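An overview of the molecular structure
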Amino acid sequence: MAALKESLAKRLTYQSRPRSILSPRAVLLFDIDGVIRDVAGSYRRALAETVHHYSGWRPDSGPIDALKGEGRWNNDWEAAMELLRRRGHTPLPDFGELVEVFSGFYFGGDPAGDPKHWRGFIGSEPLLVDRGFFDTLAAADIAWGFVSGAEPPSARFVLERRLGLVDPPLVAMGDAPDKPDPTGLLRLAEQLGGGDPGAAAAPVAYLGDTVADVLTVVRARRHRPERRLVSLAVAPPHLHAPERRQDRRRYEQGLLEAGADRLLQRTDSLTPAELLRWTERDG
Ligand SMILES: [Mg+2]
């Protein structure tokens, strides 16, 4: 019985290992925060609490969404500092100290240490997809990976520990310049797309939830005009509540104006057939 369980567990693990697909039909890259997990009660709450720690003002989702809508505040540490600056808070805190305060709220323990000792908001992050979602993509010869501005321990925690993915292809904070710089996106797309950077390579789609994510694809196209690069966008979960329908519509309009090709209702509503249709050259 124990042996059977073990072999079953091994098989399940194996299925969720990103298959190395020699010539995938498409490459689908994901942002993590707001796309794979809901960070309203974690990263976004840590941002608000950090601002509150210094200024006594706790920004709600309005000012945070407005800032993110500008497309260049993907890094939450810098976003916290910018909210303090706009609030007129003086003197501004030392950046390194702000990062530590933020980290205390978010991880509540040593980010480099064992996650089981973390006591921060990271412990309350609802998942927006399950492991089977990635198996379905792989079965359709769609290669997948992640390009995120989250810190590597946080990104690995959600992908490996929470979702059970094994060695997921990942570009996280510090692995490449911050989005909307497209370096990380293009690097991972080329790794997963058969290594051919030219037009013959598999088409690439990137699914994100912010203007910065959309702009990353727009800029990537300038570097690789011959390659099919598609921007998919989804509103983050905190805007999915029925009473926020107007805010969501405005937010989605911003994503389209930034250049998103398609809006998704939810991450897990995306099907392989739909993706392949959208990534066709004239799709
Ligand atoms: Mg995001």
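One can find the structure itself at the top, above this paragraph.
Parameters and conventions
- Residues numbered from 1 in each chain as written.
- Predicted model: local features only at pLDDT ≥ 70, side-chain atom pairs only at ≥ 80, totals over all residues.
- Core = buried A, V, L, I, M, F, W, Y, C linked by C-beta atoms within 7 Å.
- Buried ≥ 20, exposed ≤ 12 C-beta atoms within 10 Å, placed from the backbone.
- Helix = DSSP H or I, 4+ residues; strand = E, 2+ residues; numbered from the N terminus.
- Pairing = 2+ DSSP bridges.
- Contact = placed C-beta atoms within 7 Å.
- Axes fitted to C-alpha atoms, helices over the stretch in contact; angles between N-to-C directions.
- Parallel < 35°, antiparallel > 145°, perpendicular 65-115°, else oblique.
- Left-handed = near helix turned anticlockwise from the far one by under 90°.
- Nonpolar A, V, L, I, M, F, W, Y, C, P; charged D, E, K, R; others polar.
- Arc of directions from axis to C-beta.

1. A closer look at the nonpolar core
- One finds Val27, Leu28, Leu29, Phe30, Ala80, Ala205 and Tyr206 to be the most contacted residues of the largest nonpolar core, which totals 77 residues.
- A total of six residues in this core trace back to one element, the largest contributor, which is helix 9 (residues 211–223).

2. Structural notes on the pairing of strand 1 (residues 26–30)
- Across the five residues of strand 1, five count as buried, placing the element largely inside the fold.
- Burial along strand 1 is two-sided: Ala26, Leu28 and Phe30 facing one way and Val27 and Leu29 facing the other are all buried.
- Sheet analysis places strand 1 next to strand 2 (residues 142–147), joined by five bridges and oriented parallel. Looking across to strand 2, one finds that Ala26 is bridged to Ile142.

3. So, the sheet that holds strand 4 (residues 204–208)
- The parallel open sheet is built from six strands, whose spatial order is 3-2-1-4-5-6. Looking along the sheet, the strands with just one partner apiece sit at the ends: strand 3 (170–171) and strand 6 (262–264).
- Across two bridges, the pairing between strand 2 and strand 3 is parallel. In the strand pairing of strand 3, Phe146 is matched with Leu170.
- Where helix 11 (residues 272–279) meets the sheet, its contacts fall on strand 1, strand 2, strand 4, strand 5 (229–234) and strand 6, and the angle it forms with strand 1 comes to roughly 110°.

4. Re the packing of helix 4 (residues 76–86) against helix 5 (residues 95–106)
- At a closest axis distance of 10 Å, the pairing of helix 4 and helix 5 adopts a crossing angle of 110°. The angle between the axes of helix 4 and helix 5 places the two elements in the roughly perpendicular class. The handedness of the crossing between helix 4 and helix 5 is right-handed. The residues of helix 5 that touch helix 4, namely those facing Asp76, Trp77, Ala80 and Met81, are Phe95, Leu98, Val99 and Phe102.
- Among the residues forming the contact of helix 4 with helix 5, the class breakdown is seven nonpolar, no polar and one charged.

5. With respect to unusual backbone geometry
- The omega torsion across Thr90 and Pro91 is -10°, close enough to zero to call that bond cis.
- Structurally, Pro91 is set in the loop between helix 4 and helix 5.
- The linkage connecting Lys179 with the following residue, Pro180, adopts the cis geometry, with an omega of 10°.
- Along the chain, Pro180 falls in the loop between strand 3 and helix 8 (183–192).
- With phi around 60°, Asp141 is a residue other than glycine that occupies positive phi space.

6. Quick word on helix 3 (residues 61–68)
- What helix 3 keeps buried is the set Ile64, Asp65 and Lys68. An end-on view of helix 3 places all buried positions within 95° of arc, on one side of the element.
- Residues of helix 3 that are buried in the fold lie against helix 2 (43–55) and helix 10 (245–258).

Any functional reading would require information beyond the geometric quantities listed.
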